[in-house]
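Architecture at a glance
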Amino acid sequence: RRAEMAKSTQLIDNEVFRAYATYTAIVLLKMMLMSLVTAYFRITRKAFVNPEDTASFGKGESAKKFLRTDPDVERARRGHLNDLENIVPFVGIGLLYALSGPELSTALLHFRIFTGARIFHTFAYLIPLPQPGRGLSWAVGYSVTFSMAYKVLKTAWLL
Amino acid sequence: RRAEMAKSTQLIDNEVFRAYATYTAIVLLKMMLMSLVTAYFRITRKAFVNPEDTASFGKGESAKKFLRTDPDVERARRGHLNDLENIVPFVGIGLLYALSGPELSTALLHFRIFTGARIFHTFAYLIPLPQPGRGLSWAVGYSVTFSMAYKVLKTAWLL
Amino acid sequence: RRAEMAKSTQLIDNEVFRAYATYTAIVLLKMMLMSLVTAYFRITRKAFVNPEDTASFGKGESAKKFLRTDPDVERARRGHLNDLENIVPFVGIGLLYALSGPELSTALLHFRIFTGARIFHTFAYLIPLPQPGRGLSWAVGYSVTFSMAYKVLKTAWLL
């Protein structure tokens, strides 16, 4: 399998890039799971936003009452949006960081802390845990991305 | 032109990567079009959110009445957000997948099904089509991204 | 440092890619700053959305009054979402564009105009400036991404 991969590209043979690929896949899958969490709450709480989604509950007024907001649905949606706001910069800056030639151990430290912080953040948001649990896990992930951006700009700077 | 490209990078000469580049450009352009759809509905329905956007309709109370929500505008915005939630993972995981050495035919199958599913999803959302049309197209795109993530993790796994 | 980077990857030695890395890091950091702007307005305007975030202001009814929306908070959030909608396509299409072998001067022109337009857009949204300031800066960034997508599709087209 190695030979076959080398034919198509050498990037995946680079250990830092493989680490990046692993943790990026994990955090993006974690972000995708938020869709299922939101769908779960929409169905169990019967709280929908599109009229066509409530058609199976009956017609007219009897279905209209399910077009409403629910605190659990809204909480899951906020968690999802927070993921987008924080995981998108990680994926973009992390790719550039992985290509900027960091030490494998340093790169793994960045990727692992970010991934752990975002998984903790999701639990802190959904349970919810008392503050500053969610706030701190957000700040840890934010700082990791900032640290990678610093390395990228130091290495690549070309204005 | 080929020689010039080879100088700058070999990635674009890889057929799987070229397929990735093509379909990623298409789905990102499709996502960008949602901004124009939202703008179209805001202008035709006269439904704005920023006071400075209604200044051309007059001053004071006469302009304030256009600061309102409209079902078509909100529907376009939900379609746009759903694109962000699903196309971002496709772009990130798809890049890693394209670099993990898949067969060209398998890769094309993934990219084409995802692109078709998301285009159908947009029509299903905006028309709107009765369920489960939109739900199924969402699930197809979601599954394609999941399948690519599985291949990435199997190839690159480095925790 | 050069030799060490060359070991890990040659991409970062490509001048167009270094320009891409620089401007992508800058616009992603700018987008991340929107989180701090929103947090600043939430704290100074005392306008929160999660009950656990207001616990430090007291218990019961006295804390509940801070669970409210505020125009400045909502404005910052809209600016953040607009960044996601526009910077995500730039990062994705820009990467493919950088790998498609453009002239360095042409690439720098694209990256610089986009970055300038998005920074102006943020100020236009937050101050706010009268229209069409915000609208034009949005359209400039949008057009730059469109122009890069055209080059990508012309170079990589493989359906």
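Because the structure is predicted, anything quoted here is derived from the model rather than measured.

Looking now at the overall build of chain A. When you go through chain A residue by residue, the secondary structure sums to six helices and zero strands. Taking 159 residues into account, the globule formula puts the C-alpha radius of gyration at 15 Å, and chain A, at 20 Å, lies well above it. Principal axes of the C-alpha set define a box for chain A whose edges measure 60 × 40 × 30 Å. A total of 159 residues make up chain A; the buried ones form 55% of that total. Restricting to contacts in chain A with at least 6 residues of sequence separation, those with at least 24 account for 69%.

Turning next to the interface of chain B and chain C. Taken together, the contact between chain B and chain C spans 39 residues of the former and 34 residues of the latter. Each partner contributes to the roughly 3,100 Å² buried at the junction of chain B and chain C, and carbon and sulfur atoms together form 68% of this total. Remark: the boundary between chain B and chain C carries three salt bridges. Residue C:Arg75 is joined to B:Glu52 by a salt bridge in which the shortest nitrogen-to-oxygen separation is 2.8 Å. At the surface where chain B touches chain C, the tally comes to eight residue pairs in polar contact (both at pLDDT 80 or more). Of all the secondary-structure elements, those providing two or more residues to the side of chain B that touches chain C are α1 (2–8), α2 (15–44), α4 (71–98) and α5 (104–126) of chain B. With 18 residues, the top contributor of residues to the side of chain B that touches chain C is α2(B). Looking at the side of chain B that touches chain C, its residues break down into 24 nonpolar, seven polar and eight charged.

The subject of this paragraph is the environment of A:Ala117. Residue and element names in this part refer to chain A. With respect to the helices and strands, Ala 117 occurs in helix α5 (residues 104–126). Relative accessible area serves as the criterion here: at 8%, Ala 117 is assigned to the buried category. Sequence spacing of Ala 117 and Ile 93 is 24 residues, and the spatial spacing of their C-alpha atoms is 17 Å. Not counting residues up to four positions away in its chain, the partners in contact with Ala 117 are Ser 137, Val 140 and Gly 141.

Centre distance and the angle of the planes are the two values used to describe a pair of aromatic rings. Within the structure shown, the criterion is met by 33 aromatic pairs over all chains. Centroid distance A:Phe17 to A:Tyr20: 5.9 Å. Interplanar angle 45 degrees. Geometry classified as tilted. With A:Phe17 and A:Tyr20 both in helix α2 (residues 15–44) and three residues apart, this pair spans about one turn of that helix. There is no split in this pair, since A:Phe17 and A:Tyr20 are both buried. When the ring of A:Trp138 is compared with that of A:Tyr142, the centres are 4.6 Å apart and the planes differ by 35 degrees; the resulting orientation is tilted. One end of the pair, A:Trp138, and the other, A:Tyr142, are both in helix α6 (residues 133–156), four residues apart, so they sit about a helical turn from each other. A relative accessible area of 9% means that A:Tyr142 is categorised as buried. Three or more aromatic residues joined by ring pairs make a cluster, and in this case those are A:Phe17, A:Tyr20, A:Tyr23, A:Phe90, A:Tyr97, A:Phe111 and A:Phe114. Positioned above the aromatic ring of C:Tyr125, the side-chain terminus of C:Arg134 is 4.3 Å from the ring centre.

The operation linking the two copies of the chain is a rotation about an axis combined with a translation along the axis. Overlaying chain A with chain B gives an RMSD of 0.0 Å, the required rotation being 120 degrees about an axis along which the chain moves by 0.0 Å. Look at the turn and shift together and you get a three-fold axis relating the two. Take the interface residues of chain A: only 13% of them recur as interface residues in chain B, which is what a contact between different surfaces looks like.

Counting through the fold element by element, B:Gly135 comes out in helix α6 (residues 133–156). When the C-alpha positions of B:Gly135 and B:His121 are compared, they lie 8.1 Å apart, and in sequence the two are 14 residues distant.

Turning to the side chain of B:Arg75, a few remarks are in order. Assignment of secondary structure puts B:Arg75 in helix α4. Those residues in contact with B:Arg75, other than ones at most four positions away along the chain, are A:Asn50, A:Pro51, A:Glu52, B:Tyr125, B:Leu126 and B:Pro128.

Quick look at the interface of chain A and chain B now. With 39 residues of chain A at the contact, the number on the chain B side is 34 residues. Roughly 3,100 Å² of surface becomes buried between chain A and chain B when both sides are summed, with 68% attributable to carbon and sulfur atoms. Three residues stand out in chain A for area buried against chain B, namely A:Leu29, A:Met32 and A:Glu52, and they jointly supply 19% of the buried area on that side. Here B:Arg134 makes a salt bridge to A:Glu52, at a shortest N to O gap of 3.4 Å.

It is worth spelling out empty space enclosed by the protein at this point. In the structure shown here, the tally under the stated rule is three cavities of 30 Å³ or more. Computed from the structure, the largest cavity encloses a volume of approximately 290 Å³. Around the largest cavity sit 21 residues that line it, and A:Val91, A:Gly92, B:Val91, C:Val91 and C:Gly92 are the ones nearest its centre. Going through the elements one at a time, α4 (71–98) of chain A, α2 and α4 of chain B together with α2 (15–44) and α4 (71–98) of chain C are the ones with two or more residues in the lining of the largest cavity. Its residues assigned to classes, the lining of the largest cavity comprises 17 nonpolar, four polar and no charged. Its boundaries defined by the atoms lining it, the second largest cavity holds a volume of some 60 Å³.

On to the pattern of salt bridges. All names here are of chain C. One pass over the full model with this rule turns up 21 salt bridges over all chains. Of the charged contacts, one joins Arg 45 and Asp 72 as a salt bridge, the two residues approaching to 2.7 Å between their closest N and O atoms. With Arg 45 in the loop between α2 and α3 (61–64) and Asp 72 in helix α4, this residue pair connects regions lying 27 residues apart in the sequence.

Another point: the UniProt feature "transmembrane region" (unreviewed entry) in chain A. Under the feature "transmembrane region" (unreviewed entry), the UniProt entry names residues 20–41 of chain A. Helix makes up 100% of residues 20–41 of chain A and strand 0%, and the two end C-alpha atoms of the span are 32 Å apart.

Conventions adopted
- Residues numbered from 1 in each chain as written.
- Chains lettered and ligands numbered in written order.
- Predicted model: local features only at pLDDT ≥ 70, side-chain atom pairs only at ≥ 80, totals over all residues.
- Heavy atoms only, no water.
- Helix = DSSP H or I, 4+ residues; strand = E, 2+ residues; numbered from the N terminus.
- Rg over C-alpha atoms; globule rule 2.2 N^0.38 Å.
- Buried < 20%, exposed > 50% of the residue type's maximum accessible area, 1.4 Å probe, protein only.
- Contact = heavy atoms within 4.5 Å.
- Buried area = accessible area lost by both parts, 1.4 Å probe.
- Salt bridge = Lys/Arg side-chain N within 4 Å of Asp/Glu carboxyl O.
- Polar contact = N/O pair within 3.5 Å; in protein donor to acceptor, adjacent residues only side chain to side chain.
- Nonpolar A, V, L, I, M, F, W, Y, C, P; charged D, E, K, R; others polar.
- Phe/Tyr/Trp six-rings, centres within 6.5 Å; stacked < 30°, edge-to-face > 60°.
- Lys NZ or Arg CZ within 6 Å of the ring centre and 35° of its normal.
- Least-squares fit on C-alpha atoms with pLDDT ≥ 70 in both.
- 1 Å grid on protein atoms, 1.4 Å probe; cavity = no way out; pocket = protein on both sides within 12 Å on 5 of 7 lines; lining within 4 Å.
- Points joined across faces, edges and corners; volume = space filled by probe spheres on them.
- UniProt positions renumbered as here; feature names shortened; annotations may be inferred.

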